[in-house]
Amino acid sequence: MITGATSGIGLACARKFAENGDRLILTGRNEQRLKEIRKELTAKGTEVLTFVFDVRDREEARLCVEGLPAEWKEIDVLVNNAGLALGLEPEYEGSFIDWDTMIDTNIKGLLTMTRLVVPGMVKRNRGHIINVGSVAGDAAYAGGNVYCATKSAVKALTDGLRIDVADTAIRVTNLKPGLVETNFSNIRFHGDTGRAANVYKGIQPLTGDDIAEVAVFAANAPAHVQIAEVLILATHQASGSVIVRK
């Protein structure tokens, strides 16, 4: 099950897990894109279920998970990918609306999906939760304030969950990408494509496929191996704020 599967890292994960031979439950807000992705993947032999909802809507998320057909209820891997950054203003000039959207999606949405899916994993004593965090969760950078705080929360929640299920065979992974060229920056700058493009100038950034490959690797590690946390950076990126452009 992959949230935020209509673009970026989520879509790349869908394709990589499909190549791995897995069945997919894909969720997102864009119904048309989900239809297109389902058509693409089913044409290649992958079984796909899609659900249109925003992870901020707890009731819709509940209806999705509880309404899964019997043969789909046993979710083996949950990829909590849905998330976003909005704005790059100083904290004292930030948008209340942007803050609420980031907190409700990046933190509360992740918690909702975890709360709905993980009890079944505990009951079956198997499963894997892969949370898509960020290098931004390690340290704040200029203008990142609230977004960095949400990804710091993802790290804490991932670590906390790993502790909570340590007496089971469930594994918990935090993927922490650095600069990945997706529509992330376009969303952050509210559709300002020129400003978004500048984020990737002078450096070869990561791709969604790069992150998806790590996710699939972690999910397919031997049962006794838990890939707890992976920081994935572009070669000329040293941290969330240190990027060498050439």
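Residues numbered from 1 in each chain as written. Predicted model: local features only at pLDDT ≥ 70, side-chain atom pairs only at ≥ 80, totals over all residues. Heavy atoms only, no water.

## Considering the overall build of the protein
Okay, so step 1: A tally of regular secondary structure across the protein gives eight helices and six strands.
Okay, so step 2: Counting from the amino terminus, the protein carries its helices and strands in the arrangement α-β-α-β-α-β-α-β-α-β-α-α-α-β.
Okay, so step 3: Expected size for 246 residues packed as a compact globule is a radius of gyration near 18 Å; at 17 Å, the protein falls within 12% of this value.
Okay, so step 4: Taken over the C-alpha atoms alone, the protein extends approximately 50 × 40 × 35 Å along its principal axes.
Okay, so step 5: A total of 246 residues make up the protein; the buried ones form 48% of that total. (Helix = DSSP H or I, 4+ residues; strand = E, 2+ residues; numbered from the N terminus. Rg over C-alpha atoms; globule rule 2.2 N^0.38 Å. Buried < 20%, exposed > 50% of the residue type's maximum accessible area, 1.4 Å probe, protein only.)

## Observations concerning the side chain of His128
Okay, so step 1: Residue position: His128 is located in strand β4 (residues 128-132).
Okay, so step 2: For His128, a relative accessible area of 2% gives the class buried.
Okay, so step 3: Separated by 2.8 Å, the side chains of His128 and Thr173 make a polar contact.
Okay, so step 4: His128 has contacts with Asp76, Val77, Leu78, Met121, Ile170, Arg171, Val172, Thr173, Ala218 and Ala219, leaving out every residue within four places of it along the chain. (Polar contact = N/O pair within 3.5 Å; in protein donor to acceptor, adjacent residues only side chain to side chain. Contact = heavy atoms within 4.5 Å.)

## Brief notes about the nonpolar core
Okay, so step 1: Judged by nonpolar contacts, the single largest core of 40 residues is most densely connected at Ile2, Phe17, Leu24 and Leu26.
Okay, so step 2: Contributions of two or more residues to this core are made by α1 (8-19), β1 (24-28), α2 (31-42), β3 (77-80), β4, α8 (208-219) and β6 (229-232).
Okay, so step 3: Filtering out sequence-adjacent residues up to four positions away, Ile2 remains in contact with Gly10, Cys13, Ala14, Phe17, Leu24, Ile25, Leu26, Thr27 and Val79.
Okay, so step 4: With 22 residues, the next largest nonpolar core counts Leu49, Cys64, Ala82 and Val117 among its residues. (Core = buried A, V, L, I, M, F, W, Y, C linked by side-chain atoms within 4.5 Å.)

## Observations regarding the environment of Arg124
Okay, so step 1: With respect to the helices and strands, the residue Arg124 is situated in helix α4 (residues 96-124).
Okay, so step 2: Excluding residues that lie within four positions of it along the chain, Arg124 makes contacts with Lys73, Glu74 and Ile75.

## Some remarks on the sheet that holds β3
Okay, so step 1: Read from one edge to the other, the open sheet built from four strands follows the order β3-β4-β5-β6, with strand pairing classed as parallel. One side of each edge strand has no neighbouring strand; the edge strands of this open sheet are β3 and β6. For this sheet, the mean angle separating the axes of adjacent strands, direction not counted, is 15°.
Okay, so step 2: Bridge analysis of strand β5 (residues 171-177) against β6 gives four bridges, and the strand direction is parallel. Across the sheet, Asn174 pairs through a bridge with Glu229, a residue of β6.
Okay, so step 3: Here α4 sits on the sheet and contacts β3 and β4; the angle it forms with β3, its principal contact strand, is near 175°.
Okay, so step 4: Here α8 sits on the sheet and contacts β3, β4, β5 and β6; the angle it forms with β5, its principal contact strand, is near 165°. (Pairing = 2+ DSSP bridges. Axes fitted to C-alpha atoms, helices over the stretch in contact; angles between N-to-C directions.)

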